[in-house]
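# What the coordinates show
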Amino acid sequence: MSIGILLVTHPGIGEMLLKNACDLVGSCPLRIRCLDIPLEGDTNDLQQLACQSAQDLDDGSGVLVLTDAFGATPSNIACQLTGELQVNVVSGLNLPMLIRVFNYASDDLQALTHKAADGGMRGIQVARAKGAC
């Protein structure tokens, strides 16, 4: 049994991050699905699709939903899943977050949720002076 991962993002973001993460890590160690949320889609239909996707990914271990921008439609759809299923949601999806999730694929849902958030935050750095990187 392992955690399912659902990427709920604006069109193209999830697929591109997933492709790059798989290329960098060498494989995709978890069951994962991308759900693009079009800018003008029917939110009720998309909510049902998100719920079905999460149910399909859940083998009893739960689902970690990663979304790109808190407060945007993909995030709002993702957050509605938390009341219905064993789902945790982390927003601010970025490449370091997804790689961190892959590196800790055997963790339980709570631990993987914290690792995802930590990986995303640690991946954000400000280079202030020339040569600081």
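Before reading on, note that the structure itself is shown above.
A quick note: this is a predicted structure, and the numbers were derived from the prediction, not measured.

Rules and cut-offs
Residues numbered from 1 in each chain as written. Predicted model: local features only at pLDDT ≥ 70, side-chain atom pairs only at ≥ 80, totals over all residues. Heavy atoms only, no water. Pairing = 2+ DSSP bridges. Helix = DSSP H or I, 4+ residues; strand = E, 2+ residues; numbered from the N terminus. Axes fitted to C-alpha atoms, helices over the stretch in contact; angles between N-to-C directions. Contact = heavy atoms within 4.5 Å. Salt bridge = Lys/Arg side-chain N within 4 Å of Asp/Glu carboxyl O. Buried < 20%, exposed > 50% of the residue type's maximum accessible area, 1.4 Å probe, protein only.

## What to know about the sheet that holds strand β2 (residues 31-36)
The strand order across the open sheet formed by four strands is β2-β1-β3-β4, and the pairing between neighbours is parallel. Only two strands of the sheet have a single partner each, and these edge strands are β2 and β4 (87-91). Averaged over all pairs of adjacent strands, the angle between strand axes in this sheet comes to 20 degrees, irrespective of strand direction. Where strand β1 (residues 4-9) meets strand β3 (residues 63-67), five bridges bridge the pair, whose relative direction is parallel. Counterpart to Ile5 in the pairing with β3 is Leu64.

## Some points on the environment of Leu24
Tracing the backbone through its elements, the reader meets Leu24 in helix α1 (residues 13-25). Residues Leu24 and Ile99 lie 75 residues apart in sequence; the distance between their C-alpha atoms is 8.2 Å. Leaving out residues up to four positions away in the same chain, Leu24 has contacts with Leu95 and Ile99.

## Some words on the pattern of salt bridges
In total, this model carries six salt bridges according to the counting rule given. For Asp59, the salt bridge is made with Arg31, and the minimal N-O distance between the two is 3.6 Å. In this pair, Asp59 is assigned in the loop between α2 (43-57) and β3 and Arg31 in strand β2, connecting sequence segments 28 residues apart. Arg31 gets classed as partly exposed once you look at its relative accessible area, which sits at 29%. For Lys115, the salt bridge goes to Asp107, with nearest N and O atoms at 3.0 Å. One continuous salt-bridge network, built from bridges that share partners, spans Arg100, Asp118 and Arg122.

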